[in-house]
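# Commentary on secondary and tertiary structure
What follows is the residue order along each chain.
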Amino acid sequence: VQLQASGGGSVQAGGSLRLSCVASGRTFGSYFVAWFRQAPGKEREFVAAIRWNGAGGPYYADAVKGRFAVARANARRNTVHLQMNSLIPEDTAVYYCTARNVPGAPTDEAEYDYWGQGTQVTVSS
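A quick note: this is a predicted structure, and the numbers were derived from the prediction, not measured. (Residues numbered from 1 in each chain as written. Predicted model: local features only at pLDDT ≥ 70, side-chain atom pairs only at ≥ 80, totals over all residues. Heavy atoms only, no water.)

## Here's the deal with the overall build of the chain
Each helix and strand counted, the chain has 0 helices and 11 strands in total. Shown N-terminal to C-terminal, the secondary structure of the chain runs as helices and strands in the order β-β-β-β-β-β-β-β-β-β-β. A compact globule built from 125 residues would reach a C-alpha radius of gyration of about 14 Å, and the chain, at 13 Å, matches this within 12%. Considered along the principal axes of its C-alpha atoms, the chain spans approximately 40 × 25 × 25 Å. When each of the 125 residues of the chain is scored for burial, the buried share is 42%. (Helix = DSSP H or I, 4+ residues; strand = E, 2+ residues; numbered from the N terminus. Rg over C-alpha atoms; globule rule 2.2 N^0.38 Å. Buried < 20%, exposed > 50% of the residue type's maximum accessible area, 1.4 Å probe, protein only.)

Given below as structure tokens:
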């Protein structure tokens with residue numbers, strides 16, 4: 001699976017962005033598809049995840065609950081979106097799309113097999 005993340009940019013606090021993760025090579029199937037982020041000088045952290053077949057989730061980090069929403073786009077397009085609303089400067093980070101096909105905690109970064117390149121999100125105050 002090859003993953004392509006897009007949609008990052010620069011916004012002011014309170015603004016919105018929508019990130020997209022498109023898979024090629026094979027469909028997501030029953031994979032977990034997730035978003036992680038890494039801010040400067042910090043470790044990468046879980047943001048949100050969804051089971052592509054609808055069997056579980058969505059799952060959110062406490063820091064983004066109520067503001068972010070992860071969802072599948074049209075199944076044929078093999079795309080997952082991360083809608084980010086009410087952005088705050090602390091959301092500034094490189095956001096990564098990732099996928100896996102093993103059970104377990106969706107927040108476990110080590111279990112993810114496929115990673116896209118990051119997309120930068122910058123929120124100014």
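And the narrative resumes.
## Comments concerning the packing of aromatic side chains
Scanning the model with the defined rule gives 7 aromatic pairs in all. Residues Tyr-112 and Trp-115 carry aromatic rings whose centres are separated by 6.4 Å and whose planes lie at 65 degrees to one another, so their mutual orientation is edge-to-face. Taking the relative accessible area as the measure of exposure, Tyr-112 reaches 5% and is therefore buried. Taking relative accessible area as the criterion, Trp-115 reaches 28% and is therefore assigned partly exposed. Every member of this aromatic cluster is reached through a ring pair, and the members are Phe-36, Phe-46, Tyr-96, Tyr-112 and Trp-115. If you follow Arg-51 out to its NZ or CZ, it ends over the ring of Phe-32, 5.1 Å from the centre. (Phe/Tyr/Trp six-rings, centres within 6.5 Å; stacked < 30°, edge-to-face > 60°. Lys NZ or Arg CZ within 6 Å of the ring centre and 35° of its normal.)

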